[in-house]
Amino acid sequence: MEHTSKFNIIDGVPDLEQIEEWAEDYYNGVLSMMKPLWGFIDINDVLKSMAGISFDKLVTEELVGESAAVIKLAIDQVNQIAAREIEYIKAYMV
């Protein structure tokens, strides 16, 4: 059975904009599952928890069958989003 990519590949190059949109949606989906739990713990523990999420593993599992290039781009995007969100939270703590 042939795998059909979730992303457009043009001349062998994955559509970065499409991957960025997927990464944002994926990250928000993961966080929506965690937010109810985080409502009961200290913000410092929330930050530790966020930093401890293995997005590399989660994204790789979610994108089984995609090319290594697509998976790497998606992991990079999700990790950038996570780092940005952690920095936003830290900024509000000052």
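Before reading on, note that the structure itself is shown above.
This section reports on the structure supplied with the text.

Rules used throughout
- Residues numbered from 1 in each chain as written.
- Predicted model: local features only at pLDDT ≥ 70, side-chain atom pairs only at ≥ 80, totals over all residues.
- Heavy atoms only, no water.
- Axes fitted to C-alpha atoms, helices over the stretch in contact; angles between N-to-C directions.
- Helix = DSSP H or I, 4+ residues; strand = E, 2+ residues; numbered from the N terminus.
- Parallel < 35°, antiparallel > 145°, perpendicular 65-115°, else oblique.
- Left-handed = near helix turned anticlockwise from the far one by under 90°.
- Contact = heavy atoms within 4.5 Å.
- Nonpolar A, V, L, I, M, F, W, Y, C, P; charged D, E, K, R; others polar.

1. Looking at the packing of helix α3 (residues 55–62) against helix α4 (residues 68–93)
Where α3 contacts α4, the axes come no closer than 9 Å and their chain directions differ by 140 degrees. When the axes of α3 and α4 are compared, the pair comes out oblique. By crossing handedness, the relation of α3 to α4 is classed as right-handed. In this structure, α3 uses Phe55, Asp56, Val59 and Thr60 to contact α4, whose residues at the interface are Ile71, Ala74, Ile75, Val78, Asn79 and Ala82. When its residues are assigned to classes, the contact of α3 with α4 shows seven nonpolar, two polar and one charged.

Purely spatial values, then, with no claim about function.
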